[in-house]
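Chain residues, written in single-letter form:
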Amino acid sequence: MQRNNLRFALGALLFAGVTAVDAAAQCPAADAFEPNDDCLSATPVTPGSYANLTLEGPLNGENQDFYSISVPAGEIITVDLTFATATGDIDLYLYDTTTPNCGGTATGDYLIRGFTGSDNEQVSWTNSTGAAETYTIMVDAWDSDSDFGCNDYSMDITVAPDPCTTAVDDGLEENDTCGAAVALAGGSTTSLFTSTTDEDYYTINVPAAQILTVDVSYASGVNADIDLELFDDLACTNQVDFSFSTGGTGQVTWTNTTGATATLVMRAAPDAATGSCNNYDLNVALAFDPCQTGTDDALEDNDSCATAAGLGAGAHAGLFTSTADEDYYLVTVPAGEILTVDVTYISGVNADVDLELFDDLACTNQVDFSFSFGGTGTVEWVNATGAAATVVLRVAPDAATGDCNDYDLNIASAPDPCLDPLADDGFEDNDDCASAVSMADGTYTGLFTVDNDEDYYEVTLADGDTLNVDILFTDANGDLDLVLYESLADCNLDVDAASSTGVVDNESVSYTNTTGSTLTMIIRVYHWTGDSASDCNTYDMIIDGSGGSAATPFCAGDGSAGACPCANESAVGAGEGCNSSLGFGAILTAAGSASVANDDMVFTLSQARPNQPSLLVQGSVAVALPFKDGLLCMGNPTERLEVVFLDGTGTGSTTVSIVTEGNVSVGQTRYYQQWFRDPGGVSPCGSGSNFSGGLIVNWM
């Protein structure tokens, strides 16, 4: 959590006054509503949004938060909590004046609860008492979340009329039975209402050869979902479509193939499993059925492979296909280019539209196919023949979904980077082990590899040093893999020392030289030949081979960075912080890499006061200020990353993601220090806490 004032951020942890038991996870300062720790002290609130709230969990004695609110008769209260469950799982309870045990969590103690194991919780309740009612909200840490020290949360409270108790009949009543159905015109009709005792029926006239589509929308999650039922007879006996609506929307459709105008009846009713009523809106749309009214488009007759019509690049709208009248097109693709054909159409009413691509004029060798659905589909082909080539595109309805449809095509071709000789990067030709290019530590952008043109790089790694290599790329554009070899001989034999061959964005390897001598290592980057999406890709590469610690020590407590608060300097050159009550200073070390992509940095504090809490702090600037019994080495803006409880030797390591908790990015320099308790009135300067020396990390 970032603080603009470092002294406030550090002081908020109260290290000088907590015990070893309750300091394992310290909460920030109490929020503005404390103390509201039980039903009797519940803080009165009104509808609105409340931010910057805090909750203590099992590690800090589990201090619940209580709020009270008055809800008018016939209205619904909805409470939403927003939080990250990874920091601590929070539960939500609602009570009224009749619940037997306000604050209780057993079945029967509460009206309703939000009790998931995911981020955020919500509860809703209708005041059906006939009078204003006071409700109590309890925000509670999940008892079984033993790592829960504290968590921040926000709370949103809304109170709104319940349509089931306050609504009046809409303007189309009384249409409560099939026989009393009222006419519904095309377009939008809003502010309708239905309940289990007051269903709605409508008649809709559908002209010959037209398609009827009715959409319903409503507020979901508070009252009932709204179901639609469509009948093609006035007695409501022959159902032709039905919508079990969910999530606030639903739809029914029907195509009039009778040859004359037809009158349908539609029933709108609440889903009894989700509630007894709701408000809703309807939209009625009518459109001509292309399967009955469509005529051949201007490119006909192109009904067979032999009669395929030529089609150039660009958009082609207003096309039509049916099971009895398929469409074929000739498309010419320049050498070295990728052809992309996209189809769009209205889905869910008539047939989906499928595409098939052939690289011969007899339509015998299929090179791509699209089982299109949802209104879109795409086929692609790469012309690697070395000359312009003509392919055949077949467009036909998916017979499982309908007989016909209108559609639009868009045809485009563009140079294929995998075939472009100019795409090679500046390190070519480094295509095999023997031609590996010598590299230094750093970031290299705009690199390129393609099938049969791999990339090899050479780096020197001293004994005891660690080499970290990251390649950054988008896997959807071509899957790349990364391999390390200890020597040229191993590279020639393909005997790797480390490798990363996932099928996701980016790859990363790390290798520590423990051979006793300097190694000349080979890095290999290549495109996986099993990838059907592409034959190549571009990438960036980060090499960090300086070895040793991933962080640089600074701000020692030996007087070199400034005087300690009470002449408690540690031994010169020891790399420690200012002396603690133990007679020496604490040491902070780092393991892993400074790679943001790897995210494997671990900080370890040693030589600190045993069995005490400590805190890893990150700063954005370097300072050296006397503070408590040590030197404060980093300044604002700061981040408190993790509370680490030290063992009997005064040692402890971080477990969290430093990249995530510190919100760090590639190219940033950050400063780190561990603050630890030194209690008992025996610390050199009497403040009860001290600091380790600092570390600098240049994130890559």
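You'll find the structure just up there.
Residues numbered from 1 in each chain as written. Predicted model: local features only at pLDDT ≥ 70, side-chain atom pairs only at ≥ 80, totals over all residues. Heavy atoms only, no water.

Student: Pulling in residues and values, what's your account of the layout of surface pockets?
Tutor: With a probe scaled to a water molecule rolled over the atoms, the places where space remains empty come into view. By volume, the second largest pocket amounts to about 390 Å³. What lines the second largest pocket is a set of 17 residues, and nearest its centre among them are Ile 338, Val 382, Ala 533, Ser 534 and Asp 535. Per-class residue counts for the lining of the second largest pocket are nine nonpolar, five polar and three charged. (1 Å grid on protein atoms, 1.4 Å probe; cavity = no way out; pocket = protein on both sides within 12 Å on 5 of 7 lines; lining within 4 Å. Points joined across faces, edges and corners; volume = space filled by probe spheres on them. Nonpolar A, V, L, I, M, F, W, Y, C, P; charged D, E, K, R; others polar.)

Student: Account for the pattern of salt bridges, naming residues and giving values.
Tutor: Within the structure shown, the criterion is met by seven salt bridges. A salt bridge links Arg 267 to Glu 199; the nearest nitrogen and oxygen atoms lie 3.0 Å apart. Remark: Glu 199 occurs in the loop between strand E12 (187-195) and strand E13 (200-206) and Arg 267 occurs in strand E18 (residues 262-270); sequence separation between them is 68 residues. Linked by salt bridges that have partners in common, Glu 199, Glu 229 and Arg 267 make up one network. (Salt bridge = Lys/Arg side-chain N within 4 Å of Asp/Glu carboxyl O. Helix = DSSP H or I, 4+ residues; strand = E, 2+ residues; numbered from the N terminus.)

Student: Which residues make up the state of the cysteines, and what are the values?
Tutor: Overall, the coordinates contain seven disulfides when judged by the stated rule. One disulfide in the model links Cys 178 with Cys 236; its S-S distance is 2.0 Å. In this structure the cystine formed by Cys 178 and Cys 236 twists about its S-S bond by roughly 90°; its chirality is therefore right-handed. Highlighted residues: Cys 178 in the loop between helix H2 (163-166) and strand E11 (182-183) and Cys 236 in the loop between strand E15 (226-231) and strand E16 (239-243), separated in sequence by 58 residues. Classification of Cys 178 by relative accessible area gives buried; the value is 17%. On the accessibility criterion, Cys 236 (16% relative accessible area) is buried. (Disulfide = S-S within 2.5 Å. Buried < 20%, exposed > 50% of the residue type's maximum accessible area, 1.4 Å probe, protein only.)

Student: An account of the sheet that holds strand E23 (residues 337-344) is requested, with residue identities and associated values reported.
Tutor: Reading across the sheet, the four strands line up as E21-E28-E23-E26 and stay open at both edges, with antiparallel pairing between neighbours. The sheet is open, and its two borders are formed by strand E21 (314-322) and strand E26 (376-382), each paired with just one other strand. For this sheet, the mean angle separating the axes of adjacent strands, direction not counted, is 25°. (Pairing = 2+ DSSP bridges. Axes fitted to C-alpha atoms, helices over the stretch in contact; angles between N-to-C directions.)

Student: Lay out the sheet that holds strand E4 (residues 65-71) in plain terms, naming residues and giving numbers.
Tutor: Spatially, E2-E4-E9-E6-E7 is the arrangement adopted by the five strands of the open sheet, whose pairing is mixed. Only two strands of the sheet have a single partner each, and these edge strands are strand E2 (43-44) and strand E7 (112-114). In the sheet, strand E6 (residues 90-95) pairs with strand E9 (residues 133-141) via six bridges, with the strands oriented antiparallel. Within E9, the residue paired with Ile 90 across the bridge is Ala 141.

Student: Outline the environment of Val 71, listing residues and values.
Tutor: Relative to the helices and strands, Val 71 is located in strand E4. Placed 54 residues apart in sequence, Val 71 and Trp 125 show a C-alpha to C-alpha distance of 9.9 Å. Sequence-distant contacts of Val 71, that is, excluding residues within four places in its chain, are made with Ile 77, Asn 127, Ala 131, Ala 132, Glu 133, Tyr 135 and Val 159. (Contact = heavy atoms within 4.5 Å.)

Student: Can you lay out a nonpolar patch on the surface for me, pointing to particular residues and giving the numbers?
Tutor: There is a patch of nonpolar side chains on the surface, built from Val 503, Val 504 and Trp 528 and spanning about 300 Å² of accessible area. Mapped onto the elements, Val 504 comes out in the loop between strand E34 (498-500) and strand E35 (507-512). Given a relative accessible area of 51%, Val 504 falls into the exposed group. (Patch = residues over 30% accessible without salt bridge, like charges linked within 9 Å, V, L, I, M, F, W, Y side chains within 5 Å. Areas by Shrake-Rupley, 256 points an atom, 1.4 Å probe, with all protein chains shown as cover.)

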